[in-house]
Amino acid sequence: MNAGPWLPVPPNGYGGIENVIATLVPELRRLGVEVVLATVAESTLAVDEQLSVFGTGQFGLLQRPYNQVCGIVPAHLHAVRRRLAEGDIDLVHDHVEAAGLATLAALGPDSPPGLHTLHWDLAKHPELYGTFDGGDRVRVNGVSANQLTHAPAALRAHAVGHVHLATPLADGADLRAPVAKEDYAVVLGRINPGKGQDLAARLAHSAGFDLVLAGPVGPYHRPEDLAAAGPAAAQNPDVRFWQEQVAPHVDGDRVRWVGTVTGQDRDDLVARARVALFPLRWEEPGGTAVVESLALGTPVIGIARGCLPELIEHGRTGLLTSDEEELGELVAAAGTIAEAACREEAARRFTPAVMASQYLGLYERVRDGAAVG
Ligand code: UDP
């Protein structure tokens, strides 16, 4: 079956939101929540019930003490309504970008209350949410407090709080033996102007540190695939960004691009790095790669914007600055950050269990009709 633009849960490769679902659902079920997942048929995540949506679909969930949750895209409104009409679902937790929010609002007065999780950078995508009128049954949450400050007022009025992203790598992170560090910095993430790989690459040369860039350039996951792509590839804005802003600094020595890394390779690359660099040029909404870096014992050096100041304690788990030029100096100063402090912080704040219990708290508030405004 064609999965359309939607990915299975868990995703086969890159898939940020799908990974959040795959991290959250097992913990919710451990807490006794029954979860109905509305998703593409290819999804393999263990749930209490899978509501497969044809062609294009996404997820949502729900549960006890309520009973279950679902998520949706407009094309599936009918199927989801039919399922909700069975009357045993207490809450719909929706993770579908923007369209999901509209869908929740359109479900009608008899449907259970809905919680929509914001995953986007709202400063960059105000059009996605600008016209929201969620009525009085739909609430929203951010993946950071900073993200909500960029939301349009109507949306902010429906916010019930934020829940930071989690990583399974945080489980037992404080108990793992330290990994021998090597002398390089890593930037882990999509090659994209907002993630700032151009700045990282330039600073690597001017401040004198080795840099590894890991992540896809548009649809290209391996350097050889990008090299083999024709000129039409440059229609993709991330490919253009790579070609014009980043590649000129990539010499294969001081600065290397290794493409997308996954699984143990990704974990080893990050764990061995002396620092994880986040030279942000956008309001990074959630920063999965940030909490992964902490869990792997790698101090975070970055621009103090987006979610970074909430996730990183300056001077203890990383170093932050608002000054792009100062970033290179901070890479040199990262030796003052204890690897153990990073791992302890991840184990305390960013485990899947912590995330699930925080979501349960939000579900309760939404179910009890948290006030709007
Ligand atoms: N990622 C990966 N391999 C790469 C680059 C990124 O597995 O080469 C993963 C990264 O570990 C993280 C996710 O992709 O889990 C990116 O999520 P994040 O919230 O950091 O950024 P987003 O892409 O959602 O803006």
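Everything below is about the structure shown above.
Every value quoted in this text rests on a predicted model; they were computed, and no experiment measured them. (Residues numbered from 1 in each chain as written. Predicted model: local features only at pLDDT ≥ 70, side-chain atom pairs only at ≥ 80, totals over all residues. Heavy atoms only, no water.)

## Points about the pattern of salt bridges
Rules: Salt bridges, as used here, are contacts in which a Lys or Arg side-chain nitrogen is within 4 Å of a carboxyl oxygen on Asp or Glu. Remark: exposure states derive from per-residue accessible area (1.4 Å probe, protein chains only) relative to the maximum for the residue type, with buried under 20%, exposed over 50%, and partly exposed in between.
Under the definition given, this model contains 21 salt bridges. Glu 224 serves as the salt-bridge partner of Arg 222, at 3.6 Å between the closest nitrogen and oxygen. Take Arg 222: its relative accessible area is 44%, and that puts it in the partly exposed class. Relative accessible area serves as the criterion here: at 45%, Glu 224 is assigned to the partly exposed category. Through salt bridges that share partners, Glu 313, Arg 316, Glu 345, Arg 348 and Arg 349 make up one connected network.

## Side note on unusual backbone geometry
Keep in mind that most residues, glycine aside, have a negative phi and that most peptide bonds are trans. The line we're drawing: For the purposes of this entry, the term helix denotes a DSSP run of H or I that reaches at least four residues, the term strand denotes a run of E that reaches at least two, and both are numbered from the N terminus.
Val 9 connects to Pro 10 through a cis peptide bond whose omega is -5 degrees. Structurally, Pro 10 is set in the segment before helix H1 (16-30).

## Focus on the packing of aromatic side chains
Let me state the cut-off plainly: Under the pairing criterion, centres of Phe, Tyr and Trp rings, with the six-membered ring standing for Trp, must be within 6.5 Å; the plane angle then separates stacked pairs below 30 degrees from edge-to-face pairs above 60, leaving the rest tilted.
Following the criterion strictly, the structure yields 2 aromatic pairs and no others. Arranged with centres 4.7 Å apart and planes meeting at 50 degrees, the rings of Trp 242 and Trp 257 form a pair that is tilted. Remark: Trp 257 occurs in strand S11 (residues 255-257) and Trp 242 occurs in helix H9 (residues 237-246); sequence separation between them is 15 residues.

## What to know about the environment of Gly 172
By the secondary structure assignment, Gly 172 is in the loop between strand S8 (159-162) and strand S9 (185-188). Note on Gly 172: relative accessible area 30%, which makes it partly exposed. Spatially, the C-alpha atom of Gly 172 lies 8.8 Å from that of Glu 344, the residues being 172 residues apart in sequence.

## Observations regarding H1
Convention followed: Take the number of residues in a helix, subtract one, and multiply by 1.5 Å to get its expected span.
For H1, which comprises 15 residues, the first-to-last C-alpha distance of 22 Å matches the rise-based estimate of 21 Å (1.5 Å per residue) to within 8%. Those residues of H1 that sit buried are Ile 17, Glu 18, Val 20, Ile 21, Ala 22, Thr 23, Leu 24, Val 25, Glu 27 and Leu 28. Where H1 ends, the next residue or the one after it, Gly 32, has phi of about 95 degrees, a positive value.

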